[in-house]
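Report on the structure
Read off the chains here:
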Amino acid sequence: MSIVLELTPAEEEALSRGAERAGMDMPSFITKTARRAMQREFDDWERWESAGNQATTDACDSLIGQGIGFVYGRDGKVYRRTAEGEEELSA
């Protein structure tokens with residue numbers, strides 16, 4: 001896979017200085033930097049997904065706690081959740 005970067009002169013200079021400080025050639029430095037950035041993005045996504053899942057769980061628990069049941073879909077199936085529990089409505 002090839003990636004073409006269009007850098008401003010200032011960006012190119014900053015990358016060149018970074019590569020020099022790291023004792024690496026510029027393509028290797030860019031690859032390493034991109035991998036780190038992608039890993040950080042992945043880690044952020046995991047944190048946001050986890051927070052979203054927790055917020056959904058909290059909201060569902062709050063509804064049930066107030067005696068409000070609801071129907072929802074997940075993985076191609078439909079469920080009903082009430083204070084008595086959860087049941088699958090479709091197979």
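The structure displayed is predicted, hence computed values, not measured ones.

Moving on, we get to the overall build of the chain. Across its full length, the chain carries two helices and three strands. N-terminal to C-terminal, the α/β element order of the chain is α-α-β-β-β. Scaling as 2.2 N^0.38, a compact globule of 91 residues should have a C-alpha radius of gyration of about 12 Å, whereas the chain reaches 24 Å, well beyond that. Taken along its principal axes, the extent of the C-alpha atoms in the chain is 65 × 25 × 20 Å. Each of the 91 residues in the chain was classed as buried or not, and the buried ones make up 9%. Within the chain, contacts between residues separated by at least 24 positions form 2% of all contacts whose residues are at least 6 apart in sequence. If you sum the accessible surface of the chain, you get close to 7600 Å²; carbon and sulfur atoms cover 53% of it. Here the chain contributes 11 positively and 18 negatively charged side chains, and the mean placements of these two sets differ by 4 Å.

The subject of this paragraph is the pattern of salt bridges. Within the structure shown, the criterion is met by four salt bridges. Taking the shortest distance from any N to any O, the salt bridge between R17 and E13 comes out at 3.5 Å. On the criterion of helical spacing, the pair formed by R17 and E13 is a turn pair, its members being four residues apart in helix α1 (residues 9–22). Judged by its relative accessible area of 42%, R17 is partly exposed. A residue is classified by how much of its surface remains accessible, and E13, at 42% relative accessible area, is partly exposed. Two residues, D61 and R81, come together in a salt bridge whose shortest N-O distance is 2.8 Å.

Thresholds applied
Residues numbered from 1 in each chain as written. Predicted model: local features only at pLDDT ≥ 70, side-chain atom pairs only at ≥ 80, totals over all residues. Heavy atoms only, no water. Helix = DSSP H or I, 4+ residues; strand = E, 2+ residues; numbered from the N terminus. Rg over C-alpha atoms; globule rule 2.2 N^0.38 Å. Buried < 20%, exposed > 50% of the residue type's maximum accessible area, 1.4 Å probe, protein only. Contact = heavy atoms within 4.5 Å. Areas by Shrake-Rupley, 256 points an atom, 1.4 Å probe, with all protein chains shown as cover. Lys, Arg positive; Asp, Glu negative; His and termini not counted. Charge placed at Lys NZ, Arg CZ, Asp CG, Glu CD. Salt bridge = Lys/Arg side-chain N within 4 Å of Asp/Glu carboxyl O.

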